[in-house]
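Chain by chain, the residues run as shown.
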Amino acid sequence: MLWSYRHSGTRKSWFNINTRELSEVVVIGSTASLKDEEEFTDILEERRRTTDLGYALRTFNPQPYKGAPYSSTSDLKKAVLESQYLRYIIALETGSSVEKVRQEARGILEEMSHNLQLGFIRLMAYTVNKVFKRLFRSIYVNMEGLNMLQQAIQESPVILMPNHRSYVDFLIVSFILFTYDIPIPVIAAGIPLASMKVVGEILRRSGAFFIRRAIGSDKLYWAVLSEYVRTIVRTGCAPLEFYVEGFRSRTLKSVVPKLGMMDMVLEPYFKGEVFDITLVPISISYDRVVEESLLALELLGVPKPKESTTGLFKASRVLQEDYGCMHVNFGRPLSVRQLCEGKINRSEYNLIPRDLPQRPSTEIQDCVNWVAHLIVRTQEEGSLISPWSLMACLLLQAPITTLTEEGLQWHGLTEKTLWLRKLVLDFRGRLNWPAHTPDSDVMSSTVALHHSIVHHKAGRVCLVQDGDPASQDPLSPEEGVMRTAAAVLMLVSYRNQALHVFVRPGILATAIHITKSTQKDELFSFFCFLRDVFANEFIFIPGRASQDFDEACSLLQKCGAVHMSEQEVTVLETGLEVLSFLQKLLQPFLDSYQLIFRYLCENGAHVFTEKQFLPAVQNLATKLILSGDLHTFEVLSSDTQKNVLSALRRLEAVTKLRVNNNILSIADPYFFGKYIAIDVLLMTEIMNKRAL
Amino acid sequence: MSGFSDNIMRLSGRMLSQYPAQRDWDGKLTRAPHPGIIPTCSIVTLSDNLPKQEIMKWNGWGYSDSKFLYNKKGQAEFTGKRYRLSGMIIPGLREWMESTFGANLQHKTPAAPILNSSAVQPPTLNEAFLKELKSTGIPFSHDAEDRVFRSHGHCLHEIFALREGKIGRVPDLVVWPNCHNDVVKIVELACKHNVCLMPYGGGTSVSSALECPPEETRSIVSLDTSQMNRILWIDEKNLTAHVEAGIVGQDLERLLNESGYCTGHEPDSMEFSSLGGWVATRASGMKKNIYGNIEDLVVHIKMVTPQGVIEKSCQGPRMSTGPDVHHFIMGSEGTLGVVTEVTMKIRPMPEYQKYGSVVFPNFEMGVACLREVARQRCAPASIRLMDNEQFKFGHALKPQVSSIFTSFLDGLKKFYITKFKGFDPNRLCVATLLFEGDREKVLQHEKQVYDIAAKFGGLAAGEDNGQRGYMLTFVIAYLRDLGMDYYVIGESFETSVPWDRVLDICRNVKARIVRECKDKGVQFPPLSTCRVTQTYDAGACVYFYFAFNYRGLSDPVHVYEQVEHAAREEILANGGSLSHHHGVGKLRKEWMRETISSVGMGMLKSVKDYVDPNNIFGNRNLL
């Protein structure tokens, strides 16, 4: 890594790279092993040995970005308010006096601004440390990634981009960086957090800055926010942390990235204000997610509790539970300069002063979108799949009555799980499977950890269904469906943690299953079609359809499922098990999408509001589940329903209108009129025709 | 063509024209009469039918007798008697070279000592052309040495190849017209016999403009303008001079000085570059803040083209007669014809000259100060800001101090700046200044500039530092030859950029160079440094220097070219121009279309097609 040379005994390093190495890295380096889990170090282990107070008061002396002059939070705010960009926007705001608008801008900035203070970092570290020690058995961190991050931070402004699966991970990165003497990030957070009493202020002083949810067309707000973010990146005064997925994933599945923040973060590079920006994807994986049951209920339409301090204390009962381990994987730092090379021409910013707002070209927008998707994909690749995720995949393929009534045979399940483990490894997934423990112990302890979802008794595994069995009134059939759905959706979210490994081969398996074709180009076009339809459901890097297809082919070939030739893909006898597993894995998505498509076609009304749409789909689905015509509960999830709508809007089958604050969606009757047959094959044809 | 070298050295705070040059018995100019004081310019003209190459290096920069070398004690020394640094020991240079590049005196890469004529391809001669040329009596030669000497400029790859004794396509014939009418005859003959003409002035091009296109199958004739070097008249009423275009910068200034005038046009290459070359490349002079760039200085141009002679009918100071045809000529880089005579503005010689320098705590403050100076439009004749690396470089070039007292003073200054004022020696940077004019006005002006500098944390750092700064720009061209003796290759390139981009472009281009070197397998971190050399109302000119140790690289020139290419891409991406004054030549052609748009290219092409439909001026520069 060092670019240095020896000359007459003196060592010279041009890059002023910090040569300090983390002691842990040295240890790991010497015992480097092939197993994934051994690259990770449990950072709680040391915490349990030393006092919390001593830890919180440790000397903290990080090496900052070499180009950053010291600047306080008030310097930052001043720079933002006095920027030419903001002055320009303020001058544009008509209707009230400039002074008034400036006041308003100042107010927005005050509401937004972080107020990072080392004292509060220590307080945060102290508290978080205590909580984490209670919640988790271990927090594993890959030291190599942390080491790369430490070097990267000195070279250029760094953007930390974790996935967001739980409230718990909000401060985990700061906690780790504090522990390892790396500059503390400022973190983009949703405004509801700020309004929590005391806690909001603690978060603000721990580096959080707060962004309103629905900014809409508030130009002044956008201007303040974007200038604030750009100034942080431009000066490199602190690493910036934000969730490119935009919010906490309720389904534990990656969310299609949001581009607003990504845009702001990358702009200083596009405009040449910094030489480079480093993006660090961070994957946080949980054995068990603290909010698991809340998430499922929320997806079924039970509103999420408002973030409040009292709510936080109430939630403290979760501290009594065991949540297993947490893995934090710091990905390889990515150079924005290298990512964008050949994709964009930065000279488009040459002709307008860079301080003025300028709508980026489609080339730039596409690049931002591509980078954002790439980051989420990298997060997926860096995340660890737990044995429980594999079991969830398999449990969901069992008939629902088996799960709720007699239970699934433990023996069969464990055997199949081991089979799946091999498949995941074949598919290059990163597995978090304890090494020195008998497989049977691993699986039974996994099931024990998830006692809130399944219970294992007398050689069988059953779904735990919430609710009060002593309740006076028996549940109505509809209520029964919802109750089962809540349990199933919990299972679904753990399955989702493993989905990214299977999606590409899964889509190919589905294509083979539906088209019954062996022709490569036919399969490829169907693969692309499915990839396109499900682009809101799974993360596909734009413009990489053929690479995705090739990847799917090579993985299926690798595990012996198919034989590939120049033109043909032939299914092998030995591969039926794999193909059927993969196809069944994706079946709930196909079923859900088809159901909603059908609803939209048969409904007759081509104009509807989202408020009508969601319950109506839920009703229809419940009926079909009860009648035995629908075998998935996933369509009941509001997440699925929203994804379908987004997909249809993207495919221009549905348009969104805004009438008096009601969001109306208009289904394109032409699109659906031709689509009635619910035959995916036919649908491709139609789509192709539409393209003509 | 202001090239790699920078300005000649000047004495500090002195009255000009104190030391008139004299002619010795065979008409050559000799040293000024005062022993111990060396005049501003070199002492030998390049005219008088003396083939240039006899006093100049054939494979390096400048005069044969002037070069850096390491003496037996391993100390750096500058030979010859022409420059103020000549004959001096430079104690800090060796350590600087060793620590900056990881160079080592044990690892030498000497140049081929003499030109091996057998390596030169025999000339492709157009006999009919030659026959008619003979009848005109214009001198010509197809001697290998004459041809090789005019086959290149001073790009790194050109000099590197010469040092290795590698000779590519060279002109087949060299002609020396003596006046405008000779040029008319040569161009007519070239058109008649379809011969390719390449005008040659001072040979200081750094854009591959003088490279013969390898695909050219016709006979290539190098038209050397060096014999057209007279001042034809001086018009004291209008303050203009009519000059033949082959005159070399230093001769023009010296001759005008004898009459009490100057043009004030001092590109860094003025020792060797010619008036015609300045016009053909849109040159810029160090003192443009007072005198203007070449486009501000010319009043009238005469150029011989295949379609005939182009010139304006009068010498009005400004005209509204459609697009200015001078602007087709300026920057045409020898693609349309030969500039033969130019009427230029002249000025009375300034009474007083004073150097100065300011130390800033960092480059950002320095740029902010230059910006403010430009805003107030009070830039001195020259103002240049060196970054920290260049400041250190300048420091390494300090000659041995003679007295303990001087070194004591130096130590004291250093202490004052770094310890007392708290400047970080690894961040501070220096602006060098040159004031010119009436004594009183100069002192007033000086105060104004130092007051502005003080607002940006600048401390006056003395005349001596200022002067050394200007010296640095001139010796660096000689230094490159020294570097090439020890595995170090380098080059400079320039751009112009709006004020708000200056800091960003400096940072990004320097960083890009470092990163590219690393990626391309350069073993040692390169020298990557810059300075702001000119200020304008709306922006500045930025110069980059870049050099690296190429030990361990199999094709260093290729690596060098890749890095320079990347650096230019970076410049363009950061809102910089393709060139401020070096021109495009063949080196930067690929970016012309994106620079001036397709329509712009079409305009230039159609001019070329009309003026020179048979591509007689076939150097293939620019388009």
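Residues numbered from 1 in each chain as written. Chains lettered and ligands numbered in written order. Predicted model: local features only at pLDDT ≥ 70, side-chain atom pairs only at ≥ 80, totals over all residues. Heavy atoms only, no water.

Selection rule: UniProt positions are given in the numbering used here, feature names are shortened, and annotations may be inferred rather than shown by experiment.
Looking at an unreviewed UniProt entry, one finds chain B named Alkylglycerone-phosphate synthase, with Haplochromis burtoni as its source organism. We quote the UniProt Cofactor (unreviewed entry) comment for chain B here in full: "FAD". UniProt annotates chain B under Subunit (unreviewed entry) with the comment "Homodimer."

Chain A is annotated in an unreviewed UniProt entry as Dihydroxyacetone phosphate acyltransferase-like of Haplochromis burtoni. Looking at chain A in UniProt, the text filed under Pathway (unreviewed entry) is "Phospholipid metabolism."

1. Points about the overall build of chain B
As a reminder of what qualifies: The helix count covers DSSP runs of H or I at least four residues long, the strand count covers runs of E at least two residues long, and both are numbered beginning at the N terminus. With C-alpha atoms as the basis for the radius of gyration, the globule rule is written as 2.2 Å multiplied by the number of residues raised to the power 0.38. The classification of residues rests on relative accessible area computed with a 1.4 Å probe and restricted to protein chains. Under 20% of the type maximum is buried, over 50% is exposed, and intermediate values are partly exposed. Here, two residues are considered to be in contact whenever any of their heavy atoms come within 4.5 Å of each other. We get accessible surface area from the Shrake-Rupley algorithm with a probe of 1.4 Å; when it comes to residues, only the shown protein chains can shield them.
A tally of helices and strands in chain B yields 18 helices and 23 strands. Relative to the 2.2 N^0.38 estimate, which gives 25 Å for 623 residues, the radius of gyration of chain B is 24 Å and therefore close to what a compact globule would have. C-alpha atoms of chain B, sized along the principal axes, occupy 75 × 60 × 55 Å. Sorting the 623 residues of chain B into buried and exposed places 61% on the buried side. Within chain B, contacts between residues at least 6 apart in sequence are counted, and of these 77% link residues at least 24 apart. Of the roughly 24000 Å² of accessible surface on chain B, a fraction of 53% belongs to carbon and sulfur atoms.

2. Some remarks on a nonpolar patch on the surface
So the rule is basically this: Only residues above 30% relative accessible area that lack a salt bridge enter a patch, with like-charged residues linked at up to 9 Å and the nonpolar side chains Val, Leu, Ile, Met, Phe, Trp and Tyr linked at up to 5 Å. Salt bridges are counted wherever a side-chain nitrogen of Lys or Arg sits within 4 Å of a carboxyl oxygen of Asp or Glu.
A contiguous nonpolar patch, built from Phe415(B), Tyr416(B) and Phe420(B) and spanning about 360 Å² of accessible area, is present on the exposed surface. Tracing the chain through its elements places Phe420(B) in helix 13 (residues 404-420).

3. Quick word on the pairing of strand 19 (residues 429-437) of chain B
Taken residue by residue, a regular strand's side chains alternate between the two faces of the sheet. All names here are of chain B. Formally: For two strands to pair, DSSP has to find at least two bridges joining them.
Extensive coverage of strand 19 is indicated by the burial of 9 of its 9 residues. Residues of strand 19 alternate between two faces, with Cys429, Ala431, Leu433, Phe435 and Gly437 on one and Val430, Thr432, Leu434 and Glu436 on the opposite face, all of them buried. Here 9 bridges tie strand 17 (residues 352-360) to strand 19, and the two strands are oriented antiparallel to one another. Paired with Gln353 across the two strands is Glu436, which belongs to strand 19. As paired elements, strand 18 (residues 382-386) and strand 19 share 5 bridges and run antiparallel to each other. Following the sheet pairing, Ile383 is matched in strand 19 by Leu433.

4. Section: the domain arrangement of chain B
Residue and element names in this part refer to chain B. Stated formally: The split into domains, and so the bounds of each, comes from an automatic or database assignment of domains. A simple way to read buried area is as the amount of 1.4 Å-probe accessible surface that goes missing from two parts once joined, with both sides added. Here a polar contact means two N or O atoms within 3.5 Å. Within protein one must be a hydrogen donor candidate and the other an acceptor candidate, and residues neighboring in sequence count only if both atoms are side-chain atoms.
Parsing chain B into structural domains produces domain 1 (117-226), domain 2 (231-348) and domain 3 (352-473). Domain 1 and domain 2 are separated by 24 Å when their C-alpha centres are compared. Across the boundary between the two partners, domain 1 contributes 14 residues, which contact 16 residues of domain 2. Here domain 1 meets domain 2 over a buried area of about 1100 Å², counting both sides, of which 70% is carbon and sulfur. The three residues of domain 1 that bury the most area against domain 2 are His180, Pro199 and Thr204, which together make up 41% of that side's buried surface. Run the count over domain 1 and domain 2 and you get 0 salt bridges. Put simply, domain 1 and domain 2 have 1 residue pair in polar contact (both at pLDDT 80 or more) between them.

5. Observations concerning the interface of chain A and chain B
In many reports, interface size means the accessible area that the parts give up when they come together. Definition in use: All amino acids are sorted into three groups, where Ala, Val, Leu, Ile, Met, Phe, Trp, Tyr, Cys and Pro are nonpolar, Asp, Glu, Lys and Arg are charged, and the leftover types, Gly among them, are polar.
Listed as interface residues are 21 residues of chain A and, on the opposing side, 27 residues of chain B. The contact between chain A and chain B buries some 2100 Å² in all, and 50% of this surface belongs to carbon and sulfur atoms. Across the chain A-chain B interface, the total number found is 5 salt bridges. Salt-bridge contacts for Arg337(A) lead to Glu570(B); the nearest nitrogen and oxygen are separated by 2.6 Å. The tally of links from chain A across to chain B stands at 13 residue pairs in polar contact (both at pLDDT 80 or more). The set of elements that each furnish at least two residues to the side of chain A that touches chain B consists of strand 1 (4-7) and helix 16 (336-340) of chain A. Looking at the side of chain A that touches chain B residue by residue, the class counts come to 8 nonpolar, 6 polar and 7 charged.

6. A word on the pairing of strand 7 (residues 208-211) of chain A
Residue and element names in this part refer to chain A. Taking every second residue as pointing to the same face, both faces of strand 7 are buried, with Ala208 and Phe210 on one and Phe209 and Ile211 on the other. Bridge count between strand 6 (residues 186-190) and strand 7: 4 bridges; the pairing is parallel. For Ala188, the partnering residue across the bridge sits in strand 7 and is Phe209.

7. So, the pattern of salt bridges
Throughout the structure, instances matching the rule amount to 74 salt bridges over all chains. Note that Arg620(B) and Glu215(B) form a salt bridge whose closest N and O atoms lie 3.6 Å from each other. Of the two residues, Arg620(B) sits in the segment after helix 18 (592-611) while Glu215(B) sits in the loop between strand 8 (196-200) and strand 9 (220-224), which places them 405 residues apart along the sequence. Of the residues examined, Arg620(B) reaches a relative accessible area of 31% and is grouped as partly exposed. Residue Arg512(B) pairs with Glu570(B) through a salt bridge whose shortest N-O separation is 2.6 Å. Taken together, the positions of Arg512(B) in helix 16 (residues 502-519) and Glu570(B) in helix 17 (residues 556-573) put the pair 58 residues apart, joining distant regions of the chain. This pair shows no difference in class: Arg512(B) is buried, exactly as Glu570(B) is. Several salt bridges converge on common partners, so that one network encompasses Glu227(A), Arg230(A), Arg234(A), Glu267(A), Lys271(A) and Glu273(A).

8. Section: the confidence of the model for chain B
Residue and element names in this part refer to chain B. Convention followed: pLDDT is defined as a per-residue confidence score from the predictor, taking values between 0 and 100.
Summing up the model confidence of chain B, the mean pLDDT is 89 and the portion of residues at 70 or higher is 90%. Confidence over residues 1-50 falls short of pLDDT 50; this stretch has 140 contacts with residues more than four positions distant or in other chains. Predicted complex, confidence summary: ipTM 0.87, pTM 0.88.

9. Some words on the packing of aromatic side chains
Residues and elements named next belong to chain A. Rules: Working definition: rings of Phe, Tyr and Trp (its six-membered ring) pair if their centres are within 6.5 Å, and the pair is stacked with planes under 30 degrees apart, edge-to-face with planes over 60 apart, and tilted otherwise. Should the NZ of a Lys or the CZ of an Arg lie within 6 Å of a ring centre and within 35 degrees of the ring normal, that charge is described as sitting over the ring.
Going through the model one piece at a time under the given rule, you end up with 38 aromatic pairs over all chains. Taking the centre distance of 5.6 Å and the plane angle of 50° together, the rings of Phe526 and Phe529 count as tilted. Placement of both Phe526 and Phe529 in helix 23 (residues 520-533) is noted, with a separation of 3 residues, approximately one turn of the helix. For Phe529, a relative accessible area of 8% translates into the label buried. One aromatic cluster is present, built from ring pairs that chain together Tyr55, Phe60, Phe132, Phe136, Phe175, Phe178 and Tyr286. The ring of Trp433 carries the charged tip of Arg421 above its face, separated from the ring centre by 4.6 Å.

10. Some thoughts on the sheet that holds strand 5 (residues 89-90) of chain B
Taken in spatial order, the 3 strands make up an open sheet running 3-4-5 (chain B), and their pairing is antiparallel. Only two strands of the sheet have a single neighbouring strand rather than two, namely strand 3 (68-70) and strand 5 of chain B.

11. Structural notes on the domain arrangement of chain A
Residues and elements named next belong to chain A. Split by domain assignment, chain A resolves into domain 1 (38-382) and domain 2 (502-688). Listed by partner, the interface residues are 16 residues for domain 1 and 18 residues for domain 2. With both chains or domains summed, domain 1 and domain 2 bury close to 1300 Å², and 60% of this area falls on carbon and sulfur atoms. For domain 1, the biggest contributors to the area lost against domain 2 are Lys253, Leu299 and Arg377; these three give 39% of the whole. Inspection of the region where domain 1 meets domain 2 yields 1 salt bridge. For Glu537, the salt bridge goes to Lys253, with nearest N and O atoms at 2.9 Å. Seen at the junction of domain 1 and domain 2, the total is 2 residue pairs in polar contact (both at pLDDT 80 or more). Here the side of domain 1 that touches domain 2 takes 7 residues from helix 17 (residues 362-382), the largest share from any one element. Tallied by class, residues from the side of domain 1 that touches domain 2 come to 8 nonpolar, 4 polar and 4 charged.

12. Details of the nonpolar core
All names here are of chain A. To keep it simple, the criterion reads: Take the buried residues of types Ala, Val, Leu, Ile, Met, Phe, Trp, Tyr and Cys, join any two whose side-chain atoms come within 4.5 Å, and each joined set is a nonpolar core.
Counting residues in hydrophobic clusters, the biggest one holds 152 residues, and the most contacted among them are Phe330 and Phe502. When residues of this core are assigned to their parent elements, the largest contribution, 20 residues, is made by helix 22 (residues 477-515). Looking at this core, you find at least three residues from each of domain 1 (38-382) and domain 2 (502-688). Beyond its immediate chain neighbours, meaning those up to four positions away, Phe330 contacts Val141, Asn142, Gly145, Leu146, Leu149, Val173, Ile176, Leu177, Val280, Pro281 and Ile282.

13. A look at the UniProt feature "site: Important for enzyme activity" (unreviewed entry) in chain B
Residue and element names in this part refer to chain B. Residues annotated by UniProt as "site: Important for enzyme activity" (unreviewed entry) correspond here to Arg384. The topology assignment puts Arg384 in strand 18. Of note is the side chain of Arg384, whose polar atom sits 3.1 Å from the side chain of Asp268.

14. Describing the sheet that holds strand 12 (residues 408-409) of chain A
All names here are of chain A. As summarised here, the arrangement of the 3 strands in space is 12-14-13, forming an open sheet in which the pairing is antiparallel. Looking at the sheet topology across the chains shown, the edges are occupied by strand 12 and strand 13 (454-457). The pairing of strand 12 with strand 14 (residues 460-463) spans 2 bridges and is classified as antiparallel. The residue bridging Leu408 from the neighbouring strand is Val461, located in strand 14.

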